[in-house]
Each structure stands twice: as structure tokens, then as C-alpha cells.
2 protein chains.
Amino acid sequence: MQTLSDEQSLSHYGRDWTRFWPARPSKVVFPETVDEVVELVRQARADGQALVPSGGRTGLSGGAVAAHGEVVVSMERMRKLIEVDEFEPSICVQAGMTVGAVQTAAAEHGLFYPVDWAAAASSQVGGSIATNAGGIRVLRYGMTREWVRGLKVVTGTGELLELNRGLIKNNTGMDLRQLMIGSEGTLGIIVEATLGLLPTPPEASVLLLGFSGLDALMPALAELRQGLSLSAFEFFDRRCIDHVEAALGRGFPLDADACPYYAVVEFEDPGQQNQEAALARFEALMEAGHVLDGTLSQSGAQAEELWAWREAISESIAPRTPYKNDLSVRISRVPAFLEALDALVRERYPDFEVLWFGHIGDGNLHMNVLRPEDWSTEDFHAAGRELSPAVFELVQRYEGSVSAEHGVGLLKRDDLHWSRSETEIELMRAIKRQFDPDGILNPGKVLPG
Amino acid sequence: MQTLSDEQSLSHYGRDWTRFWPARPSKVVFPETVDEVVELVRQARADGQALVPSGGRTGLSGGAVAAHGEVVVSMERMRKLIEVDEFEPSICVQAGMTVGAVQTAAAEHGLFYPVDWAAAASSQVGGSIATNAGGIRVLRYGMTREWVRGLKVVTGTGELLELNRGLIKNNTGMDLRQLMIGSEGTLGIIVEATLGLLPTPPEASVLLLGFSGLDALMPALAELRQGLSLSAFEFFDRRCIDHVEAALGRGFPLDADACPYYAVVEFEDPGQQNQEAALARFEALMEAGHVLDGTLSQSGAQAEELWAWREAISESIAPRTPYKNDLSVRISRVPAFLEALDALVRERYPDFEVLWFGHIGDGNLHMNVLRPEDWSTEDFHAAGRELSPAVFELVQRYEGSVSAEHGVGLLKRDDLHWSRSETEIELMRAIKRQFDPDGILNPGKVLPG
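Residues numbered from 1 in each chain as written. Chains lettered and ligands numbered in written order. Predicted model: local features only at pLDDT ≥ 70, side-chain atom pairs only at ≥ 80, totals over all residues. Heavy atoms only, no water.

- Chain A carries the name FAD linked oxidase, C-terminal domain protein in an unreviewed UniProt entry, which gives Wenzhouxiangella marina as its organism.
- The UniProt entry for chain A carries the following comment under Cofactor (unreviewed entry): "FAD". (UniProt positions renumbered as here; feature names shortened; annotations may be inferred.)

Below, the structure written as C-alpha cells:
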């Protein structure tokens, strides 16, 4: 089994997309078979050696960070395609295959893996399952959880579990597969997965719409859902536009000052047969005063151009090292919650630039507070940490989640109590002990110390 | 809190649709509030009193049987509709509401709860979640698990958990809600649930098809899926027809001797606009030799009449006290598995009448061996028990499930090992101890002693 321990490798494999913790693993190992994973967990257990299961490291919560001399178990040499079953349809792969490669392999068989997000090309299947990845089409297809039909996992005792074996129906006691999904490497190392696939969906078109205000978003979603088969409803506020214009080097196709909120709305449109229906909905929304401006894609290329106004936001603001929160509430509560939270941040820090975007059709909002150019990263993050309890208290009051899709990792570990009760956290600790009695799997992640 | 302990009530509330165990609870209690459930669990814990959580008792595995002096906790007085959220859309109800009442309440709001099966009208929501009920439209809509957005549960320590609170996205550590789904009352008593709903689906039409043989079923399913939006693909063998004819008092609409297998195929057909597409698929299947005979419903009433040939099977054979097995394998393996199993039973018991029907599109087969009229129930069930290990050994060889949708209860408890490894069973036991340290919740169910 290859092992790396040079400085550059330690730093590269020791962290994810977060930059808040130092990368200090003791080494990085690259198993190539399930047996090697079993063997290395058993050895680690004997040695009391902490392990950090490691995928594409695109996480945003520090779940794959190795800051305390852990051994990083990189799955990148276990990326074999095991089988595509065109009939079911499903795909079986080793955990280190990227989600992008799964999407490509499915497409080669005229099939479709529907979970998708900006980092899917470099994210690995194991990591996407361990964090129950969501993304841009949850509205239509749900999160990763719904597509996992089978899992092979090595527990913290070095035992191999074969969970559910690709079955659709299997009511034989607790579905342990569900515990592994979203466990962020704390219960086992995922080594193989069987994922459900779909037939290739019909072509889609995109509406870019400008809204009169926050309270127009939900009626608009309801109206659009009536006549169209929606696959995405992704909103962003007007403040995002400047940043994306600068990043893309082109102008926004609507009047960027006309509306406080915009949305990219994707709907199924085979042979462009639903364009008329879309325009009818658009006009109804204009008449109702919910929508003030909009445009409809006339081709796949145009649809992609419109998508860019939502997809490029995160990267365009990265230089401003934003203080991010990935929050959710029940869908009906989104407008009231967003208004209350926006007011709270503006009151405390009137000079901060606050951007909102996200998957509003799932109740999931990404809040991004940008660092003022003249603040240091340290001071700014201190201000963010100071702000957090008030944000989370509001999330709790709205019975929401402090991590809708990014997971807990190191970043939200001490904030778990805002969304989960003490009894729940105790139960999670107890369950963790059953799968990993010596606490060698991703210690310090997810569960508060 | 009302309590009953007369003989008739004990016998009525002490058992489910199975008839293999005596009904011997010590009493039946009827809590009306969550607080009363909490209080009674705490008291039971203090007294070391075993409880059997009890819904509509339509289960087929003895999960709700009280045979050893347990207190039956009937949820039938907790059947309030708490809220319908038309926007999300979702419905929040107390656990004792029937699934039929949920379907009706949804319909009154122009909405649809898609999980459906023969006993849905009398099954309760709590029980349907505790057994992760499947049914006739899993092919299209999945099992109960996919529709549970939030759960309130009282654990074996009398603590109230509020799991997931109706959120779509919530990646804050282990999803304990998933453990409760399918736990058959062994981890907690479900007291309230929030379920996702759908808009009312378009009208459907039904094809009744006769197949040339086992190996025609899967290509036919693939062909039909291409051009039609299928909501059910329910098969049965020709031996079922005599029984249903006798029960319904009318003749089968096709030549019942012409084909070894038949299927009821339901597809979306708003305004009957897909009739031509359906006939085209039907003709293609005739040409390929897969289908030998068939008929297409011309109205909702006709569709219901065709459905009856599948739906009435179970009841029509009940007087023959069948030896039943609810098995599943991966979809692609269904034909080979069914052939092997059919051969096995016929070889061992050439005189037994073996009927097959089920949800073949989900890989789920119901095997029903009928008691010969001149055998006693006792002798016949002894023969069934003798046959079981060979059946389950075959299930194991095909990596299938010994209980696809009926759950484990008392009936399959000692057969769990055919589908789950010893390590998995140990983990389940350990998890059970965390939720119910004194073992007062449905003791003896699911987990082998």
C-alpha cells in the first residue's frame, strides 16, 4: 500500500475546502482493495491510531481535515467501476470513483445519476454518501440518501458490512445503511456503493426571473410548479450579481437594479414543447406583480449561460473569504425566516455585505457575509463567530437546521445542539461507540467533545 | 387514560392479522396525548412492564402480537389531523390516524399520499412507519420511508424525540428518524408524524397482459417503461385466477389457460391521451412473443375491474391458510430466482399448490403455498416450517431479503440471519439497548433471542 509523508502531500491530503484548521496528518495511505482497508483499520485499532477517511476533500465543514497527526486514508486508488445494470438501472462502484465519473459512466449507457452540485466532478462517491450531498436538483430528485441502494463499509472494528445489497425492498430490521449515509466517516469507511440511476431526463429549459420581493418567491414557486415539471428553483439576491459579472466578464441579461431577488428556474422541455406553457406562467406572475422581469432560454447553450448566474456565485465571492452558513427551515417558513435573519445581521453589522442564495424550493439558504476589504481575515472570522449564536438561536426558534447539506465536521460540531437535542446527541454518541468502540474513525468530528 | 382488560378486548387487541400466536396481553391502554404516552412509558420502565405499541394490527409478521402478558398501547385514540400544509405540501398527524384517513384528508386539499396497499384503510400511520410499509406503487413512489419528513417518538426511557421536524434538508449528524422507520416498535413509540404529499396525479389506465413465460416479464417491463409513465407492474401466475374468479363471482377477461403469468400494468393516462402509445407497446410485445394476450381499460371503472384480479388474490386464498413468504432479490435476478424457488418447492412437495404474485418491478415476490384441503392447519404449517430453511438458503444465495415489506416481528425473528450478518444483528442489539435499555418496548420482536 502506497504511503506518503512528505510535507506537500501531508498538506494537500490533510485538508478539505475549508481553511480554518492546519493540515497535520502523520501520513497518507492509499489502499487499493477492500481487504487492505480492513487490514489497516485492524492495525490502527491495535495501535490506537486515529484515521481520517478521505475522498475528494471538497467538503465545507472540515470533515476530512487531519489536524492532529491522524493517518489520512485516501480512497483515490479505489475508483473502479464494478458494474452498470442497465435494467434496474443501477451502478456499482468503488468509493473513490468521482461523482462526475459516475455521471459520465451512466451517460455512456443512456442513463443518468441525478445528484449534482458544483464540486461533483472532483467529489468522490464515498464522500458524497458520507455527507449525504444535496445540490441543485434536490427539489426534483432528493439528496444522495435516496439513491444509495447498497453499501460496503468497514467499521471501526475492522468488520466489513454489506448493507442492503442493492435491494429495493428489504424490511429485515434496522436499516444500518441509513446510519452510514451522512455519518461523515465517524462510523465506518465506505468502500463500495450501489447507486440507483434513471433514464436520461428530457432536455430542459431555463427561466431567469426577477422578483418584486421576498414574499413573491413562494407564490411564484407554487405557480410555476402547477404547469411545469421543475427540476430546479435556485434563488439569489441582487447583491450577488456584481460579483458574478466581475468573475464572468459579462453583463447580467436583466436589469440588475430592478429587483431585489432573482431565480434560475429549470424545467423539463423536450423539443421545446413547454415554452408556451412557461411563457403563460411567466405572464401570470407578471400580472400578479410577483415577477418584474425575466428571460427564457431558447437553446441548451443559453440555458447554460443563465445557469452561470447562480452557479458562479460561490467562486466569485471566495476572495472575500465569506462567513458562510448553510441553513434550512421548513419551506413555508423561508420568507419569514430570511427576513428576520437578514434584519438581525444588518442590525449587528450594518457595514457588512450580506449575500443570500440557495435552494429555496428545499428550504435551504446559503448565507454569505463578505469580509470588508479593509478587515483582516482573523478579525472578520472573530466577528462571524460572535454573530453565530444569534443566527443559530433564530434557526432554533424556526425549528430549522444549522447544516442543511454541508454536514457538521469540525465547523458545526459545537453548534449541533441548536438543531439536535441533548438526548439525540447522547444517542449518537452511544451509536458511535458501537461502530467504533476505540474512537479511531475521524475522532473529533460531528459530535461535540 | 382508558384501560380495558375484558377477555374480548384482550383477544382483539392482542393480535394482528397473523394467527400463529395466542393473544394474551395483561391489559390494553388508550393514551390520548403525547404526555400520557411519556408517562406510561416511564411508569412501565419503573415497573419493568413490557409494552406492545399497537396500531391497526394489520401486520403479517406478528409485530403487534401480545402473547406474554404485555400491556398493549393502542394508539387509536390519538388520531387527530394536526395540519395540512398545502404549499410544501405535507400533512402532520397523530400516529393513530389511519393511512386511509390521511389519503382522504390529502384528497380534500387536492393532494395525494402515494403509499398504498390493501390494508391501508385500517392501518395506522404509526404502524405504517414502524413497518416501513410498501405496497402496490413502490415502483413509482417508493416505500413509506421516503415520505416521512418528521417524527415524534417516545423512547424506551420515556424521552420524547422530535426527529427532523419536517425539513427537506438536514445534515446535522445521524438521521435517527431513519432508525425509527421499520423499527417495529422496538426502539420507540411513534406518536406523531409529518408526511410529504404530492399533487393529485393524472388519471391512470390499466393494461392486463398475459405473458408467454417467466423470461418474458423483465423485457416486457423494460419495454413498457420506455413509452409509458408506469405507476404499477403487478404480476400473478395463472393458478391465482381460479381463486379470484370464485371470490369475485365473475370470469377472467382473458383466456386464463393461455399464459403462465399475467400482470396488471398501471400507467398515467390523463384524458386517455396515452392509449395509442400503450397499444403500440402492447403490439410490440405481442410481436416479440413476450405477450400473448391482453386488454386495456377504457374507463376508470374498467381499470378498477382489472385491478381486482391482482388485489383480490390474498383474500381469495385466505381460507386455504397459505404458508406465505415475502421475498425480494435484485430486480435483474427475479426470473432466475423465481424459477429456482418454484422448482425447489415442487420437488419437495409435488402435491402442494404454489401461487406466485407480487411487485415484480421492485424485485418483491409473494410466495403462497396453499394447504391441501385434506391437511390440518397444524400439519401444513409444520411442513411449511420444514420447507423454510431451503427457501431462505436460496434467498441468501441470491443475496435477497427474507422479508421485503412485511417486516420481521415474531415470524421472521429467527430467520433474520439469512439476510443479515451476525455483526449486523449484534449492532442492532446494541442500538436497541441505547433506545430501550430495559427492554420494555416490544420485547422478543425483530431480534433473535
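Picking up where we left off.
Side note on the overall build of chain A
Thinking step 1. Along chain A, the regular secondary structure elements total 14 helices and 18 strands.
Thinking step 2. The C-alpha atoms of chain A give a radius of gyration of 22 Å, which matches the 22 Å a tight globule of 449 residues would have.
Thinking step 3. With respect to the three principal axes, the spread of C-alpha positions in chain A is 70 × 55 × 40 Å.
Thinking step 4. Within chain A, the proportion of its 449 residues that are buried is 60%.
Thinking step 5. Considering only residue pairs separated by 6 or more positions, chain A has 72% of its internal contacts joining residues 24 or more positions apart.
Thinking step 6. Here chain A displays about 16,700 Å² of accessible surface, and carbon together with sulfur accounts for 47% of that area. (Helix = DSSP H or I, 4+ residues; strand = E, 2+ residues; numbered from the N terminus. Rg over C-alpha atoms; globule rule 2.2 N^0.38 Å. Buried < 20%, exposed > 50% of the residue type's maximum accessible area, 1.4 Å probe, protein only. Contact = heavy atoms within 4.5 Å. Areas by Shrake-Rupley, 256 points an atom, 1.4 Å probe, with all protein chains shown as cover.)

Side note on the packing of aromatic side chains
Residues and elements named next belong to chain A.
Thinking step 1. Taken as a whole, this structure holds 28 aromatic pairs over all chains when the rule is applied.
Thinking step 2. Summarising the aromatic geometry, the rings of F211 and F233 are spaced 6.2 Å apart at their centres and angled 55° between planes, so their arrangement reads as tilted. In this pair, F211 sits in strand β12 (residues 204-211) while F233 sits in strand β13 (residues 230-237), placing the two residues 22 residues apart along the sequence. As far as the burial class goes, F211 and F233 line up, both buried.
Thinking step 3. These aromatic residues form a ring-pair network of at least three members: F236, F252, Y262 and W309.
Thinking step 4. The ring of F30 is capped by R77, whose NZ or CZ atom sits 4.6 Å from the centre of that ring. (Phe/Tyr/Trp six-rings, centres within 6.5 Å; stacked < 30°, edge-to-face > 60°. Lys NZ or Arg CZ within 6 Å of the ring centre and 35° of its normal.)

Some points on the interface of chain B and chain A
Thinking step 1. Across the contact, 68 residues belong to chain B and 68 residues belong to chain A.
Thinking step 2. Linking chain B to chain A there are 10 salt bridges.
Thinking step 3. Taking the shortest distance from any N to any O, the salt bridge between K169(A) and E405(B) comes out at 2.8 Å.
Thinking step 4. Counting the contacts that link chain B with chain A gives 38 residue pairs in polar contact (both at pLDDT 80 or more).
Thinking step 5. Only β5 (81-85), β9 (160-163), α6 (176-180), α7 (214-227) and α14 (422-435) of chain B provide two or more residues apiece to the side of chain B that touches chain A.
Thinking step 6. Examining the composition of the side of chain B that touches chain A, we find that nine residues originate from one element, α14(B), more than from any other.
Thinking step 7. Taken together, the residues that form the side of chain B that touches chain A break down as 26 nonpolar, 23 polar and 19 charged. (Salt bridge = Lys/Arg side-chain N within 4 Å of Asp/Glu carboxyl O. Polar contact = N/O pair within 3.5 Å; in protein donor to acceptor, adjacent residues only side chain to side chain. Nonpolar A, V, L, I, M, F, W, Y, C, P; charged D, E, K, R; others polar.)

Observations regarding the sheet that holds β12(A)
All names here are of chain A.
Thinking step 1. Strand order across the open sheet formed by seven strands is β15-β12-β14-β13-β17-β18-β16, with antiparallel pairing between neighbours. The outermost strands of the open sheet, each flanked by one partner alone, are β15 (291-296) and β16 (323-328). With direction set aside, neighbouring strand axes in the sheet form an average angle of 15°.
Thinking step 2. Relative to β15, β12 runs antiparallel, the two being bridged by five bridges. Bridge pairing in β15 places F211 opposite V291.
Thinking step 3. Packing of helix α8 (residues 239-248) onto the sheet brings it into contact with β13, β14 (261-268), β17 (353-359) and β18 (364-370), and relative to β17 it is tilted by some 85°.
Thinking step 4. Packed onto the sheet, helix α13 (residues 377-397) meets β16 and β18 and runs at close to 10° relative to β16. (Pairing = 2+ DSSP bridges. Axes fitted to C-alpha atoms, helices over the stretch in contact; angles between N-to-C directions.)

A look at the packing of helix α12 (residues 334-348) of chain B against helix α13 (residues 377-397) of chain B
Residue and element names in this part refer to chain B.
Thinking step 1. For the pair α12 and α13, the least separation of the axes is 10 Å and the interaxial angle reads 160°. Put simply, α12 runs roughly antiparallel to α13. Handedness of the α12/α13 crossing: right-handed. Counting all contacts with α12, which are made through F337, A340, L341, L344, V345 and R348, the residues of α13 involved are L387, A390, V391, L394 and V395.
Thinking step 2. Looking at the contact of α12 with α13, its residues break down into 10 nonpolar, no polar and one charged. (Parallel < 35°, antiparallel > 145°, perpendicular 65-115°, else oblique. Left-handed = near helix turned anticlockwise from the far one by under 90°.)

Some thoughts on the nonpolar core
Thinking step 1. Judged by nonpolar contacts, the single largest core of 124 residues is most densely connected at L151(A), F435(A), L151(B) and F435(B).
Thinking step 2. Those residues within four positions of L151(A) in sequence are excluded, and the remaining contacts are I129(A), L161(A), E162(A), L163(A), R177(A), M180(A), I181(A), I190(A), E192(A) and A193(A). (Core = buried A, V, L, I, M, F, W, Y, C linked by side-chain atoms within 4.5 Å.)

Some details on unusual backbone geometry
Residue and element names in this part refer to chain A.
Thinking step 1. Omega for the bond connecting E88 with P89 falls within 30 degrees of zero, at -20°, which places this linkage in the cis form.
Thinking step 2. Looking at where P89 falls in the secondary structure, it is placed in the loop between β5 (81-85) and β6 (90-94).
Thinking step 3. The phi torsion at N164 lies on the positive side, around 75°, for a residue other than glycine.
Thinking step 4. Residue E184 is not a glycine yet carries a positive backbone phi of 55°.
Thinking step 5. With respect to the helices and strands, the residue E184 is situated in the loop between α6 (176-180) and β10 (188-196).

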